[in-house]
Every structure is written in C-alpha cells, then in structure tokens.
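Notes for the structure review
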Amino acid sequence: DAQLRSSDESIYAIGEVAAIGGNMCYGLWAPGVEQAETLVLNLLRPGSSVYRASDLSTKLKLLGVEVASFGRSADFWFKGQYTGKDPSIKFIDSKDDLNDTYRRLCFSADGSKLMGGVLVGDAKDYGKLLQLSKKDDLAGNDPVALAFKLPPPGSNAVSDGGDGTGLTDDCTICTCIGLSKSQVRQAIIDKEAYTIPLIKKACKAGTGCGGCVTPVGEVPKLLSHTLKKLGKAGASGICVHFPYSRKELFDIIKVKELKSFKEILEVVGKNPDCSDGCELCKPVIASILSSLWNDHALKAGRDQIQDTNDRFLANIQKTGTYSVIPRCPGGDITPDTLIAFATTAKKYGLWTKITGAQRLGMYGAKVNDLPDIYKELVDAGMETGQAYGKALRTVKSCVGTSWCRYGQQDSVTMAVTLENRYKGLRAPHKIKMAASGCLRECAEAQGKDVGVIATQAGYNLYVCGNGGAKPVHAKLLATDCSVEECLKYVDRFLMYYISTAKHLQRTAPWLAELEGGIDYLKKVVIEDSLGIAADLEQMMERNRANEKCEWKAVAYDEELRQKFQQFANTKETHDSEQIEYIDMRGQRHPNLYSPPDITGPALYRKEDSHSSDWEWIFAGLVSAYPKNGGLSVKHGMQELAVFHLPSAEPKEQWLATQNLCPHKQARTISRGLVGVQPNGTLTVADPIYKTTYNLVTGEGISNPNFNLSTFKTKVEDGKVFVQVPPCSEMEEKMEKMIQESFKADGREYLAKKTGGPVDHMGQCLSKQKDLSW
C-alpha cells in the first residue's frame, strides 16, 4: 500500500519485490531510494508518509553502451508517446553514424514543451534534458538544436557557470539520489566536502551507481571548479608522498636516471626521512621504473613496490590463488605446446580456459606452486604472457594469407612480429593490439590500442581504440605502411603515450585529452614536429634490449624462488583458500559465491597477550624477510601475517596480524603493500580489494567495520617470534567467527578441522590432514 506495507501488516517491502498498489513494480535505483525514505518515516512515525509513484526516467549502461530515457510523466512510456504514433506528440530523430549515437526527442504538438526522449550511445545530456522535460517551456532552447546538440540561438556555450558539466544549477547531477548541481555545490561549501569521499558523506552524491563521481563524471568537474572559486587547491600529485603527476615523475626519473624507489623518494618525495610511500605511489613508481629501465621486477627490492600481480608474476583471483597465462604470439601455437600446457594444468589441478585475448589460461594456482609451474612451461618453450602487468597483453590475429581466400597480407606473421617486439613493455595501463588480414577485420584491430589492417600495398595503422566498459573506435594514423614503417610509428606512438599519460589511463582517453587529437599525434609521430622521434626510438630500443622472460628468471634462480614460499616458518604447506569447489562442466571450479565479510571487532589484540596460556611461536629467520614487506606464518591451520619495517620506530619494526582479510576472507594480508600516512600511521592494503588497515592496531582505515587481530613480536638470535593463543583455541575461535559470518549471510559453512602447530625449527608437531570442503 501507500505506506509500503504488504498484505501482512508486520512485513514491509521496497524495490523490485514491492507491487505498489498491487500492480506496479519498479526495477530502478531511484524509486527504491524514494521508497526507503518513505518506509523509514513510517517506521519511526506510522502513517506519517505516503508513497505514490516515482519517475521512470533513468540512465544506464548496457554492454558498455550508454542509454537513457526520460519523460514528463508515465504517459511517455505507458501510452507510447515515444513511438511517434500519438498525434499530439511530435518528434525529431538525430543519428550520428560516425560516433554511433542516436537520440529521439518528443515535443508537444506546438513544439513548446519537451515531453520526453530516448538517448543511445551518448547520454551526457540526460540530466539537462530530464530537467527541461519537467518545465513548462523549453527555457529558450530550440527543438532542432536540442535534438542535434546545438547551442541555443544567440549562445556560444552552455550556461553551466564555466564548470564544464554542461548543467545549469537546477539540473540533476546525481540521478540515483536525485540531487541537483546546486545542492551538491552547497554541500561542498557548507560541509567543507573538499574530496569525493567527503562529498559522498555530506550529501550521498555518487553512492548509487557511482557514474557521476568517476574521473570523467560531472561531480569531479563541479568540485574542481568550486574549489577554485573558494581559493582552495585541490589535491595534486599521485598521492600525499609525491606532489607530482605521473608525467612529471616520469621526466624527473628519466633525466636524473633514478633506479630505485628509495632514490626517488629521497630526491622528489615529501618528508623522505619519515616516509616509505603507500599502496598508491609504489605501483606507479614501479611501472615508471619498468617503462624506463625494464629491470626484473623482483630483484633489488623492487618486489616490495609491486602490486601483488607483478610481485608474483601472475593474476591474483578472488580466492587468493593465481591465474597463469603464457604468451601465445598471434595465437600461433603448436600441438606440442598445447599438450605441454594441458599436462601442467592437469598436474596441478587447475581450471583451464581460452581467454578473451586469444590465449590459454590456467586458474587456481597456489602461490608456492608458481615457480614449478613457470619452470615446466618455460622448459616446454613458453614464456610469460604478462597478463598480470600493465604491459602489452597480446596481439590478436586472423589467419591472413596463410589460409584465408580474402587475405591481403600475412597477418599472423605481422602479429607475431608485433608481439615479439613489444613484449615486456610496461605502460600506464594494459596495451592490446591486433592484425587483420583484410578489411573484413576478423581480428577487430579497430578496437585495440594498436591495430593494423592489411591492404594490397601494406597496412593501415590505427591507434587508440578501446573495448571494455567504454568502447572507442581507433583512429587512423597512417595508410599503406610497410612493416618497417608500421614498427617505426608504433615505437614512437607507444613511447610518447608511456611518457605522457596518467597512471591507469588507456590510450583512448589519453588521446581524447591530448590537445589537437589525432592530427596533433600524426605530427608528433610521423612528422616529428617536436623533434623527439630519435629519443622515443632510443627508449624503445633500451626496453627491447633489457627484455627477458620474468618466469624463466624465477624458475632457475633459487633466491627468487624463495619469495614464493607459502610460509616463513616452515616448508610445510596447507590449503589457504576459504572457498568451496564444485564440479562444473568437467572441471574443478570455485563455487560462484564469495565468502561473506567478517565485520566487527577483531578477535585478538596484542594487548591481550598477558594471558598465561599464550605462547611464543617461531615465525622464520630475520634474513628471510623482505624490507618493508611481509610473509605469512603457519600456526596450525591458521595463518599470521608478519611484517618487517626497518625504517619505523624500534617497537614497530616487526608487526604481526592475522593473515585472513575480513573483506571476502582471502588469506592474503601478508602479500599487501605497506605504507605510511602523513600522520605516521603504518598501513597495509589487502592485495585483492585494496582494503586498508592500521598495521599497528589492526583497525580498518578504508572501512572501520573490518578489523585485524594483532600479536606481539620479538627477535632473538636472528629469529622472529610471535606471541599467539594456543593453536586449538585460535582455531576454534576463528572458525566460530567465520561460521557466524556465513550464518549472518544466510549460508551454510562447511568448517575445516584443526591442523598441527609448528615448532621453532619449522616442523609440524602433528600430522597435517588433507582436508576439503
């Protein structure tokens, strides 16, 4: 009913399950919010609020395409006003085949009112048009100009006050919550909400679908403009430790020839004497170092500034295991290689799949098995595909003149040439390429960062295409190029992009921000208008000269192999996954759900260790621990995360927490990046979901509901020890806590049994059982 009560007066309903008035269900976010507000008022004061109906206007993204519809009233949809069959409604259609967009705007018969509309491919004007459809006139706009996105008569710009949003003050800027631009601006000013997280707290903008607060959304534009008018500077630099953009850091590191994170922090960092960076700046610096010098990611302490994927040379999955994807240049692969791949996958019980990038993938590899898997693949003639890195992923190809009757050039050989030339090249974001043998475009080269399409005279070269969430058609850079010309232009293009792009910025948005666009890029890359072509080519040659298979280095280097050992205090291993496996299509497959979050206070605090039954357990040798990093420690079937921070205060140089992350329950905390906040707080970021914690107290930083248990540590005679509860007690309490999280989530938990404790020599005191879900 109007108070959201069901037929049972003790049960209320909102959202998709609520049939309002017995016949109308809303499947949209905004009506759900409105219903929730009515329900809260009625729960507090029964009968105080009534829910009638909601606006069905909405903006969505379907398969990466923006779509939207809006109307003056429900008649727009239920009476089919959008169809053009209602004689009282006139419509104008606008179609742009170049940009693949379409819009239909519906007006009253006299053209004085906007009754509604449908937008496909480009919904940027949704907020403005929605507000206009609620007004009694067109606010000085011309119907044709609105349909074809032209400025109002006599106007050269949208009256947005210069903030770049294209929205007037009364336009809705957050459609999920229903906030106007002026409301969000007022929250910024009155509540001093000078960052996006503070804006979310102040007025809830961006807490729905989040589209308005993305880097290209309207709220960041409004925030930046408002801060300038207030005379306040917005955040600058990649993080609090470096007041420089990625491009500025790239140039500084290149000119000064800096080779380590420590050097860079000392030369250009803020407060280098009391800082060790953070989970934000470390991967950025690691990427720049690799792009410039291309030294092995795991040597000379570089492993501790890598994100977990680069640190273990594989992609971490939600279970804490990894995917292993060898390189398959151009998709060209021999039967023997296929057999070797399958043999390894079967030996380690891994799930296998042909990836979306025309490669072979094996999933579910344990971190301690990775070196042996790498060795078997390398010995069979394979090498790392760097699916884990912000680097060249793959070069897709069709069969070209090898087999196809339509082929104009040997596209497979071209793809293999491109992949072998650019493999190992680190960039601000992943790079994908393709080579098509003719204009039929079977390899989809025009949706890649670099794509070549064969012609009778050579190849047409396309750049800055993108699939994914925001598809972008690649732009033509050069025509009828020889192979040599293609490689020369691609060399220059890639190094120019790598030198100037933002961190995690793909080539398509990079080009969109590049002043002058593709015409300017042509001048830089082909005409050498900046006089930097020789420098760009030299940078590429240095990268190619230093490229080596990272897997091979690990497979045959005992010191590097040690970095993959599961525990610091024993060579014993056990199943670390908190997940159920099922049989799906004949393969071992993780169940489709993720374990629930564990919220609330931590089980243990190191201050509790005065209990007489707590014991000191061996946690490994001091020499085994990396500087500014952590390792996992086995305690029965439970795991600890122990960190060595030599530059911290003496009492904080060795810290221990539980290894289980409360967010989704992966045992991966020891693999997280450590850092220091400006106030001196030592932090660790969970490597899967980037949830951050205070390493000293265990308290959640990014989410106060998540908390880690902490334990005392000590060092004696080159050995590390941690004080913990008895193995059986800790096992019982941890299992109970996990079980309660499942129960609260309405799911059954199949508990594991207790394993054995570990002595100071790293030997299990009781036999470890092979236990499964």
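Structure: above.
Heads up: these notes are all about the structure in this document. Just so you know, these numbers come straight off a predicted model, no measurement behind them.

Scanning the protein from terminus to terminus reveals 21 helices and 27 strands. Taken against the 2.2 N^0.38 rule, which gives 28 Å for 773 residues, the C-alpha radius of gyration of the protein at 29 Å falls within 12% of a compact globule. Taking the principal axes of its C-alpha atoms as reference, the protein extends roughly 90 × 80 × 60 Å. Each of the 773 residues in the protein was classed as buried or not, and the buried ones make up 51%. Here the analysis covers contacts within the protein between residues at least 6 apart in sequence; of these, 60% occur between residues at least 24 apart. About 35900 Å² of surface is accessible on the protein, with carbon and sulfur atoms providing 51% of the total. For the protein, the centre of its 95 positive side-chain charges and the centre of its 94 negative side-chain charges are spaced 1 Å apart.

A few words now on the nonpolar core. Membership of the largest hydrophobic core comes to 64 residues, with the highest contact counts inside it found for Phe-242, Tyr-422, Met-433, Leu-494, Trp-510 and Leu-521. Of all the elements, helix α15 (residues 483-500) adds the most residues to this core, at 10 residues. Apart from residues lying up to four places away in sequence, Met-433 is in contact with Leu-392, Thr-394, Val-395, Lys-396, Leu-418, Tyr-422, Lys-448, Val-450, Val-490 and Leu-494.

At their nearest, the axes of helix α8 (residues 246-256) and helix α10 (residues 281-293) sit 10 Å apart, and the two run at 50° to each other. Taken together, α8 and α10 sit at an angle that is classed as oblique. Relative to α10, α8 is oriented so that their crossing is right-handed. Across the interface between the two elements, Arg-246, Leu-249, Phe-250, Ile-253 and Lys-254 from α8 touch Val-284, Ile-285, Ile-288, Leu-289, Ser-291, Leu-292 and Trp-293 from α10. When the residues that make up the contact of α8 with α10 are grouped by side-chain class, the tally is 9 nonpolar, 1 polar and 2 charged.

This part takes up the pairing of strand β17 (residues 581-584). Pairing of β17 with strand β18 (residues 587-590), which is carried by 4 bridges, proceeds in the antiparallel orientation. Within β18, the residue paired with Asp-583 across the bridge is Arg-588. Counting the residues between successive antiparallel strands, the hairpin from β17 to β18 contains 2 residues, one of them, Arg-585, with a positive phi of roughly 55°.

On to helix α7 (residues 218-229). Spanning 12 residues, α7 covers 17 Å between terminal C-alpha atoms, matching the ideal 16 Å at 1.5 Å per step. When α7 is considered as a whole, its buried residues turn out to be Glu-218, Val-219, Pro-220, Leu-222, Leu-223, Thr-226 and Leu-227. Once α7 finishes, Gly-231 follows within two positions and takes phi at roughly 75°, a positive value.

Here we come to the packing of α8 against α15. Relative orientation of the contacting elements α8 and α15 amounts to 110°, with a least axis distance of 7 Å. The orientation of α8 relative to α15 falls into the category roughly perpendicular. Touching Arg-246, Lys-247 and Phe-250 of α8 are Ile-498, Ser-499 and Thr-500, all from α15. Tallied by class, the residues present in the contact of α8 with α15 amount to 2 nonpolar, 2 polar and 2 charged.

Within the structure shown, the criterion is met by 18 aromatic pairs. Seen from their ring centres, Tyr-26 and Tyr-51 are 6.3 Å apart, and the 85° between their planes marks the pair as edge-to-face. Within this pair, whereas Tyr-26 is found in the segment before α1 (29-44), its partner Tyr-51 is found in the loop between α1 and β1 (58-62), the two being separated by 25 residues in sequence. Of the two residues, Tyr-26 and Tyr-51, both sit in the buried class. With centroids separated by 4.8 Å and ring planes inclined at 10°, the aromatic side chains of Tyr-374 and Trp-551 adopt a geometry described as stacked. One end of the pair, Tyr-374, is in helix α13 (residues 370-379); the other, Trp-551, is in helix α19 (residues 550-555), and 177 residues separate them in sequence. Of the two residues, Tyr-374 and Trp-551, both sit in the buried class. An aromatic cluster is defined as three or more aromatic residues linked by ring pairs; in this entry it consists of Phe-312, Tyr-322, Tyr-374, Trp-551 and Phe-564.

With 5 of 5 residues buried, strand β14 (residues 450-454) is to be regarded as a mostly interior element. For strand β13 (residues 431-436) and β14, the ladder comprises 4 bridges, and the chain directions are parallel. The residue bridging Ala-434 from the neighbouring strand is Gly-451, located in β14. Note: β14 against strand β15 (residues 459-463), 5 bridges, orientation antiparallel. When the sheet's bridge partners are listed, Val-452 is paired in β15 with Leu-461.

Moving on, we come to the sheet that holds strand β3 (residues 89-96). Here we have 5 strands laid out as an open sheet, ordered β1-β2-β5-β4-β3, and antiparallel in their pairing. Taken across any chain shown, the strands that pair with only one partner, and hence form the sheet edges, are β1 and β3. When strand polarity is set aside, the average angle formed by the axes of neighbouring strands in this sheet is 15°. Where β1 lies against strand β2 (residues 65-71), 5 bridges are found, and the strand directions are antiparallel. Note that in β2 the partner of Lys-61 across the bridge is Glu-66. Sitting on the sheet, helix α3 (residues 126-133) touches β1, β2, β4 (101-108) and β5 (114-120), and the angle it makes with β2 is about 10°.

Cut-offs and rules
- Residues numbered from 1 in each chain as written.
- Predicted model: local features only at pLDDT ≥ 70, side-chain atom pairs only at ≥ 80, totals over all residues.
- Heavy atoms only, no water.
- Helix = DSSP H or I, 4+ residues; strand = E, 2+ residues; numbered from the N terminus.
- Rg over C-alpha atoms; globule rule 2.2 N^0.38 Å.
- Buried < 20%, exposed > 50% of the residue type's maximum accessible area, 1.4 Å probe, protein only.
- Contact = heavy atoms within 4.5 Å.
- Areas by Shrake-Rupley, 256 points an atom, 1.4 Å probe, with all protein chains shown as cover.
- Lys, Arg positive; Asp, Glu negative; His and termini not counted.
- Charge placed at Lys NZ, Arg CZ, Asp CG, Glu CD.
- Core = buried A, V, L, I, M, F, W, Y, C linked by side-chain atoms within 4.5 Å.
- Axes fitted to C-alpha atoms, helices over the stretch in contact; angles between N-to-C directions.
- Parallel < 35°, antiparallel > 145°, perpendicular 65-115°, else oblique.
- Left-handed = near helix turned anticlockwise from the far one by under 90°.
- Nonpolar A, V, L, I, M, F, W, Y, C, P; charged D, E, K, R; others polar.
- Pairing = 2+ DSSP bridges.
- Expected span 1.5 Å × (residues − 1).
- Phe/Tyr/Trp six-rings, centres within 6.5 Å; stacked < 30°, edge-to-face > 60°.

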